[in-house]
Amino acid sequence: MVTSPSPRRIVVGVTGGIAAYKTVQLVRLLVTDGHDVHVVPTENALRFVGAPTWEAISRNPVTTSVHDDVPRVRHVALGQAADLVVIAPATAHTLAKMAAGLADDLLGTTLLATTAPVVVAPAMHTEMWRHPATQANVATLRERGVRVVGPDSGRLTGDDSGPGRMSEPEHIHAEVSALLRGEAAAEQDRASAGSDRGSHPAPAPDSADLAGLRIVVSAGGTREPIDPVRFLGNRSSGRQGVAIARAAADRGAEVVLVAAHVDDAVLAEAPAIDVRRAGTAAELGAAMRDAAAGADVVIMAAAVADYRVAEVADVKLTKESSPGGLELRLVENDDILAGLAASRAPGQTIVGFAAETVSSDDELVERARRKRERKGVDLLAANAVGWDSGFESHENAVVVVDARGEVVARADGTKREVANALLDAVVRDHRERLRPGATPSR
């Protein structure tokens, strides 16, 4: 179970979107965790949720003007004192102002005055989110270290539906908590190394320890056609693979993401990454073999169908054409992961994933060891799945085993936390493989 981080001073910026009503719950969750929360709404935000609500929920006074509380220089003091700044919702206009460094209100000056981590939760109509200007602004903010949570895909205002819906407060809260835990761990590392001039603490997640590496990641679930309108598929959302790709890019790697079926809103969380689409297992295999050429690390996080239909119908199958029932003959798909491991280049690290239904942690570890040996990969991350766990979730829990069968990593939390824990293991394994005199890739 993931514990709550120690109390911090958090600034929550609220901008002028209808999703502001959801931020009330986010503030409540942060206050419940014991954080000192200061809400900074824009004037437009107050047209959706008034200042009395923010003051009642945050338990702190609310102002919007740089001319308020001038003796304390509030327009910079808020940012200077913050341990974290969260903008939810972040409108397209706000993202543009942040990218340009504009500071024409209290929220803008707070953002320019802070050196704390910044998290934004975009919310806007689909066309606005997909506009090249917005995508360029988001890419700029990511390059500066801003964390982007969402947006999700779903019902928007009016009759619109699609990517652009602000992530749910619980999801944003989980991402914020994970970030604060990471910051706390980094502080502990720095403190423990502070008196030892010759020591160098391990890099915190999202450092540049993957700089210079080319990493290929697969994500999502393949779909095997039955007829022009039906397919065999699985429940993978692609979130874990996208989280790995995003974390690797944030840590300095050149990343290629081969996406099977992944929702546009999930892919939108990695706008600056080279994304290549694939549909079936055969298409995914071809795309991965092509992308893996010259890669330093290959991570197969996609949920690949083990079987495909032997004979795909050219027309839609109907009850009239198959009265009394329908039988499908399935044939095995090629083993993409084993093939990549068998044909790996010298020094290349191959990482596999295994989703297993198990009754205990010991059984999960044992299955991971057997599958790693069978596939011939260097690392294998296994997670337990069921009707209500593993797939279609913002959280995950994995155990990672190496070529010796040893458990080298465990992670339980958001998929971003799992991604960073896995990449930590990848860094160690890859460095070991490149060490002079090291055993060649298995």
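Residues numbered from 1 in each chain as written. Predicted model: local features only at pLDDT ≥ 70, side-chain atom pairs only at ≥ 80, totals over all residues. Heavy atoms only, no water.

Here's the deal with the overall build of the protein chain
Argument step 1. Counting its secondary structure elements, the protein chain contains 14 helices and 19 strands.
Argument step 2. Every one of the 442 residues in the protein chain was classed for burial, and the buried ones make up 51%.
Argument step 3. Put simply, of all contacts in the protein chain between residues at least 6 apart along the chain, 70% involve residues at least 24 apart.
Argument step 4. For the protein chain, the exposed area adds up to about 20700 Å²; of that, 51% sits on carbon and sulfur atoms. (Helix = DSSP H or I, 4+ residues; strand = E, 2+ residues; numbered from the N terminus. Buried < 20%, exposed > 50% of the residue type's maximum accessible area, 1.4 Å probe, protein only. Contact = heavy atoms within 4.5 Å. Areas by Shrake-Rupley, 256 points an atom, 1.4 Å probe, with all protein chains shown as cover.)

Description of the environment of A291
Argument step 1. Tracing the backbone through its elements, the reader meets A291 in helix α11 (residues 281-292).
Argument step 2. It is 9.1 Å that separates the C-alpha atoms of A291 and R276, two residues lying 15 residues apart in sequence.
Argument step 3. Filtering out sequence-adjacent residues up to four positions away, A291 remains in contact with R214, V216, V256, V258 and R276.

Focus: helix α2 (residues 51-58)
Argument step 1. Listed in full, the buried residues belonging to α2 are W54, I57 and S58. End-on, the buried residues of α2 take up no more than an arc of 85 degrees, which puts them together on one face. Opposite the packed face of α2, turned more than 90 degrees from it, sit the exposed residues P52 and A56.
Argument step 2. Its buried side turned inward, α2 meets β1 (9-14), α1 (20-32) and β2 (36-41).
Argument step 3. Count one or two residues on from α2 and you reach R59, which has phi positive near 70 degrees. (Arc of directions from axis to C-beta.)

Observations regarding the nonpolar core
Argument step 1. If you look at the biggest cluster of nonpolar residues, it comprises 38 residues, and the most contacted ones within it are L210, I215, I244, L257, I299, F353 and L422.
Argument step 2. When near neighbours in sequence (up to four residues on either side) are disregarded, I244 contacts V217, I299, A301, F353, A419, L422 and L423.
Argument step 3. Among the nonpolar cores identified, the runner-up in size contains 29 residues, and V31, L84, V119 and A123 belong to it. (Core = buried A, V, L, I, M, F, W, Y, C linked by side-chain atoms within 4.5 Å.)

Details of unusual backbone geometry
Argument step 1. Of note, the amide linkage connecting A88 to P89 takes the cis form, showing an omega dihedral of -5 degrees.
Argument step 2. Along the chain, P89 turns up in strand β3 (residues 84-90).

Points about the pattern of salt bridges
Argument step 1. Enumeration according to the criterion identifies 23 salt bridges in this entry.
Argument step 2. D290 is the salt-bridge partner of R276, the closest N and O atoms lying 3.5 Å from each other. Of this pair, R276 sits in strand β12 (residues 274-277) while D290 sits in helix α11, and the two are 14 residues apart along the sequence.
Argument step 3. We note a salt bridge from K375 to D335, for which the minimum N-O separation is 2.6 Å. Residue K375 is found in helix α13 (residues 361-375), and its partner D335 is found in the loop between β15 (330-332) and α12 (336-342); the two are separated by 40 residues along the sequence.
Argument step 4. Overall, K375 belongs to the buried group, its relative accessible area being 18%.
Argument step 5. Several salt bridges share partner residues, and in doing so they unite E356, E363, R367 and K371 into one network. (Salt bridge = Lys/Arg side-chain N within 4 Å of Asp/Glu carboxyl O.)

Concerning a nonpolar patch on the surface
Argument step 1. Where nonpolar side chains cluster on the molecular surface, the patch consists of Y307, L326, L328 and L330 and spans about 360 Å² of accessible area.
Argument step 2. Position of L328 relative to the elements: it lies in the loop between β14 (307-309) and β15. (Patch = residues over 30% accessible without salt bridge, like charges linked within 9 Å, V, L, I, M, F, W, Y side chains within 5 Å.)

Focus on the pairing of β1
Argument step 1. Taking burial as the measure, the six residues of β1 include five buried ones, the bulk of the element.
Argument step 2. Note: β1 against β2, six bridges, orientation parallel. What sits directly across from G13, in β2, is V40.
Argument step 3. Pairing analysis gives four bridges linking β1 to β3, with the strands arranged parallel. Within β3, the position partnered with G13 by the bridge is I87. (Pairing = 2+ DSSP bridges.)

Details of the sheet that holds β12
Through backbone hydrogen bonds, the strands of a sheet pair up, either in parallel or in antiparallel fashion.
Argument step 1. The mixed open sheet is built from eight strands, whose spatial order is β12-β11-β8-β13-β16-β17-β18-β19. A strand with exactly one partner marks an edge of an open sheet, and here the two such strands are β12 and β19 (407-414). For this sheet the average axis-to-axis angle between neighbouring strands, irrespective of direction, equals 15 degrees. (Axes fitted to C-alpha atoms, helices over the stretch in contact; angles between N-to-C directions.)

Re the side chain of S218
Argument step 1. Tracing the sequence through the fold places S218 in strand β8 (residues 214-219).
Argument step 2. Residue class for S218 comes out buried when judged on its relative accessible area of 0%.
Argument step 3. Within the structure, S218 has its side chain in polar contact with the backbone nitrogen of A302 (distance 3.1 Å).
Argument step 4. Apart from the residues within four sequence positions on either side, S218 is in contact with G241, L257, V258, L284, M288, I299, M300, A301 and A302. (Polar contact = N/O pair within 3.5 Å; in protein donor to acceptor, adjacent residues only side chain to side chain.)

Comments concerning helix α5 (residues 106-113)
Argument step 1. Of all eight residues that make up α5, six are buried, and the element is covered over most of its length.
Argument step 2. Within the sequence span of α5, burial applies to L106, L107, G108, T109, T110 and L111.

Describing the UniProt feature "binding site: CTP" (unreviewed entry) in the protein chain
Argument step 1. Under the feature "binding site: CTP" (unreviewed entry), the UniProt entry names D306, K316, F353, K371 and K375.
Argument step 2. Following the sequence through the fold, K316 ends up in the loop between β14 and β15.
Argument step 3. Not counting chain neighbours up to four residues away, the residues in contact with K316 comprise D227, P228, V229 and R230.
Argument step 4. Considering the arrangement of structural elements, one finds F353 in strand β16 (residues 349-356). (UniProt positions renumbered as here; feature names shortened; annotations may be inferred.)

A short note on the sheet that holds β2
Argument step 1. Taken together, five strands build an open sheet; the order of strands is β2-β1-β3-β4-β5 and the sheet is parallel. At either end of the open sheet lies a strand with only one pairing partner, and these are β2 and β5 (147-148).
Argument step 2. Contacting β1, β2 and β3, α1 runs over the sheet at an angle of about 175 degrees to β1.
Argument step 3. Each of β1, β2, β3 and β4 (118-122) touches α5; the most contacted strand, β3, lies at about 140 degrees to it.

Points about the confidence of the model for the protein chain
Argument step 1. Chain-level pLDDT for the protein chain is 85 on average; 86% of the residues reach the 70-or-more range.
Argument step 2. The low-confidence segment residues 195-206 (pLDDT under 50) makes 14 contacts with residues lying over four places distant or belonging to another chain. (pLDDT = per-residue confidence, 0-100.)

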